[in-house]
Amino acid sequence: MTQTQQTWSQRFESALHPTITRFNASINFDIELIEYDLTGSIAHAKMLAKCGIISSQEGEQLVTGLEQIRQEYRQGKFNPDVDSEDVHFAVEHRLVEIIGDVGKKIHTGRSRNDQVGTDTRLYLRSQIELIRQQLREFQTVLLDIAEKHVETLIPGYTHLQRAQPLSLAHHLLAYFHMMQRDWERLGDVYTRVNISPLGCGALAGTTFPIDRHYSAQLLHFEKVYDNSLDGVSDRDFVIEFLSAASLIMVHLSRLSEEVILWSSEEFGFVTLKDSCATGSSIMPQKKNPDVPELVRGKTGRVFGHLQAMLVMMKGLPLAYNKDLQEDKEGLFDGVNTVKACLSAMTILLGEGLEFCDRRLAEAVESDFSNATDVADYLAARGVPFREAYNLVGKVVKTSIAAGKLLKDLSLSEWKQLHPKFENDIYEAISPRQVVAARNSYGGTGFEQVALALQAARSQMEVN
Ligand code: ARG
């Protein structure tokens, strides 16, 4: 019979089947929670002593024993195996080994159900803080690059067809804003992670005169669950986190896709530095964008964890059901995946790629992405926009047939098209002017972009 089974075996006659022991156990993955489990138990012990449920000397013994387990764990000396079932039993057993029978008092007035909920929330709280910090670092890198490229032009696309040229800074700032929403969203999720279920007991509360607010305060929880059933069975916060994490991955994946396209020979807008590119085992000329490809590929894992969690929850009657043990691996993997992708992308953007100014300049010169500006030119001189649009459509068609660009038309050709054209049409359709002219709020005009950069810097100062 295993250690754990000895804990609850008085009601049982024979031991659990070894395969079922392994099937039932979560220790292989919930050991990740150990530091939070210890912290939670210490707060619980202090609360029990403060409320006179155990003596203050007993409280101190419990705390000392729990701190010793923390040291043992940090020194690699505490490695519970599958016999312990889960991290909560593992800690309790070790506590009894260290301090004797007093250790058996730690579980007074609580259950593993409120305990695991507390641990998961403490874990997620600190992970959210780390991820928000990483988002800030990534945003800083985006802003640093954007600041260097306000006047660098890049083709802008819709339907992946050349649409209108852009300031490269404007393009990068779009990602800054996505990350800003991600940062804010995680802050919002945090408020619902930051609620204490400790003391909800198995499902109904406890007969002991505990002080849930006190243990919550020791653990820096903002508030406590008002309903014990809800407290032990709520995993909304895990789902909310995975949803926010999925959006971060969507944003990183879209950027990855762009970097992959940009680094292809066909686009040639960026080159990958050797520190962030990989080679092929057979084609010596290759330099592959593995980093953004992996980020794009890993995105599906996080979506999968979100989906798994939603499905796991949807049919659960109140309150705790063992299905809930399945919340952990997906959550941990979701957290680890987002963190790994954020740091890889921060390195890739910060030091792993270079924009090819020459290719970008050639690209914006060699297309019809200034066609709207010809129509706008006429519209600004009184020609109804739709009429102007149709005229320009015609001239684009004939120019393509003649192998010309709009800038190659002579003034008399322009005048033939419409008498309102003057010599200043050439300036109006130069890519630089095309970008500069889009000076509406939130547009790509250089003045707007400079203002947007300033605003972005001050958004970063908010914590
Ligand atoms: N290992 C369990 C989990 O992760 C801890 C809670 C067990 N509670 C129970 N009633 N069996 O969910």
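Quick note: structure is the one above.
Scoring rules and cut-offs
Residues numbered from 1 in each chain as written. Predicted model: local features only at pLDDT ≥ 70, side-chain atom pairs only at ≥ 80, totals over all residues. Heavy atoms only, no water. Near = heavy atom within 4 Å. Polar contact = N/O pair within 3.5 Å; in protein donor to acceptor, adjacent residues only side chain to side chain. Areas by Shrake-Rupley, 256 points an atom, 1.4 Å probe, with all protein chains shown as cover. Helix = DSSP H or I, 4+ residues; strand = E, 2+ residues; numbered from the N terminus. Axes fitted to C-alpha atoms, helices over the stretch in contact; angles between N-to-C directions. Parallel < 35°, antiparallel > 145°, perpendicular 65-115°, else oblique. Left-handed = near helix turned anticlockwise from the far one by under 90°. Contact = heavy atoms within 4.5 Å. Nonpolar A, V, L, I, M, F, W, Y, C, P; charged D, E, K, R; others polar. Core = buried A, V, L, I, M, F, W, Y, C linked by side-chain atoms within 4.5 Å. Buried < 20%, exposed > 50% of the residue type's maximum accessible area, 1.4 Å probe, protein only. Salt bridge = Lys/Arg side-chain N within 4 Å of Asp/Glu carboxyl O. Arc of directions from axis to C-beta. Pairing = 2+ DSSP bridges. Phe/Tyr/Trp six-rings, centres within 6.5 Å; stacked < 30°, edge-to-face > 60°. Lys NZ or Arg CZ within 6 Å of the ring centre and 35° of its normal.

A. Main features of the site of the ligand. Every residue near the ligand is listed here: Ser26, Asp86, His88, Arg112, Asn113, Val116, Tyr320, Gln325 and Lys328. Within the side chain of tyrosine 320, an N or O atom sits 2.5 Å from an oxygen atom of the ligand. When the free accessible area of the ligand is taken as 340 Å², the share hidden by the protein chains comes to 87%. Ranked by residue count, the leading element in the shell around the ligand is helix H7 (residues 112-148), at 3 residues.

B. Layout of the packing of helix H8 (residues 168-193) against helix H20 (residues 446-461). With their axes 11 Å apart at the nearest point, H8 and H20 run at an angle of 25 degrees to one another. With respect to each other, H8 and H20 are oriented roughly parallel. Regarding H8 and H20, the two cross each other, and that crossing is left-handed. Taken together, the residues of H20 that come into contact with H8 (itself represented by Ala169, His170, Leu173, Phe176, His177, Gln180 and Glu184) are Val449, Ala452, Leu453, Ala456, Gln459 and Met460. A breakdown of the residues in the contact of H8 with H20 according to their chemical character gives 8 nonpolar, 4 polar and 1 charged.

C. Molecular detail of the nonpolar core. The biggest cluster of nonpolar side chains holds 87 residues, and the ones touching the most others in it are Leu124, Phe138, Phe241, Leu252, Leu349 and Phe355. Setting aside its immediate chain neighbours within four residues, phenylalanine 138 contacts Met179, Leu252, Leu255, Leu342, Met345, Thr346 and Leu349. Core analysis: the next-biggest nonpolar cluster, separate from the first, contains 24 residues, Ala25, Leu48, Ala49 and Ile99 among them.

D. Representation of the side chain of arginine 438. Within the secondary structure layout, arginine 438 lies in the loop between helix H19 (431-436) and H20. Judged by relative accessible area, which is 18%, arginine 438 ranks as buried. If we skip the residues at most four places from it in the chain, arginine 438 touches Gln164, Thr372, Asp373, Asp376, Gly443, Thr444, Gly445 and Gln448.

E. Up close: the pattern of salt bridges. By the definition in use, this model includes 31 salt bridges. The salt bridge involving lysine 105 is made with glutamate 58; its shortest N-O contact spans 2.9 Å. Taken as a pair, lysine 105 in the loop between helix H6 (87-99) and H7 and glutamate 58 in helix H5 (residues 56-74) lie far apart in primary sequence, 47 residues in all. For aspartate 86, the salt bridge identified is with arginine 112, shortest N-O distance 2.6 Å. With aspartate 86 in the loop between H5 and H6 and arginine 112 in helix H7, this residue pair connects regions lying 26 residues apart in the sequence. Of the residues examined, aspartate 86 reaches a relative accessible area of 4% and is grouped as buried. Classification of arginine 112 by relative accessible area gives partly exposed; the value is 25%.

F. Looking closely at helix H14 (residues 357-365). Every buried residue belonging to H14 is among Leu360, Ala363 and Val364, and all of these are buried. The arc that holds the buried residues of H14, viewed along the axis, is 90 degrees, so those residues lie on one side. Contact partners of the buried residues in H14: strand S1 (153-158), strand S2 (161-167), H8, strand S6 (353-355) and H19.

G. How the structure looks around the environment of glutamate 413. Mapped onto the secondary structure, glutamate 413 falls in helix H17 (residues 411-417). With near-sequence residues (within four places) excluded, glutamate 413 lies in contact with Lys404 and Asp408.

H. A look at the pairing of S1. Here S1 runs beside S2; their pairing, made up of 5 bridges, is antiparallel. What sits directly across from leucine 153, in S2, is serine 167.

I. Local environment of the packing of aromatic side chains. Taken as a whole, this structure holds 8 aromatic pairs when the rule is applied. Between tyrosine 157 and phenylalanine 267 the ring centres are 5.9 Å apart and the planes differ by 50 degrees, which places this aromatic pair in the tilted class. Of this pair, tyrosine 157 sits in strand S1 while phenylalanine 267 sits in the loop between helix H11 (236-262) and strand S5 (270-272), placing them 110 residues apart in sequence. Residue classification places tyrosine 157 among the partly exposed residues on the basis of a relative accessible area of 26%. Given the relative accessible area of 15%, phenylalanine 267 is considered buried. Considering the side-chain rings of tyrosine 377 and phenylalanine 421, the 5.4 Å spacing of their centres and the 15 degrees angle between planes classify their relative orientation as stacked. In this pair, tyrosine 377 sits in helix H15 (residues 371-380) while phenylalanine 421 sits in the loop between H17 and helix H18 (425-428), placing the two residues 44 residues apart along the sequence. A relative accessible area of 4% means that tyrosine 377 is categorised as buried. Among the aromatic residues, those joined into a cluster by ring pairs are Tyr36, Tyr123 and Phe332. Geometry around tryptophan 183 places arginine 132 over its ring, the cationic atom sitting 3.9 Å from the centre. Positioned above the aromatic ring of tyrosine 389, the side-chain terminus of arginine 386 is 4.6 Å from the ring centre.

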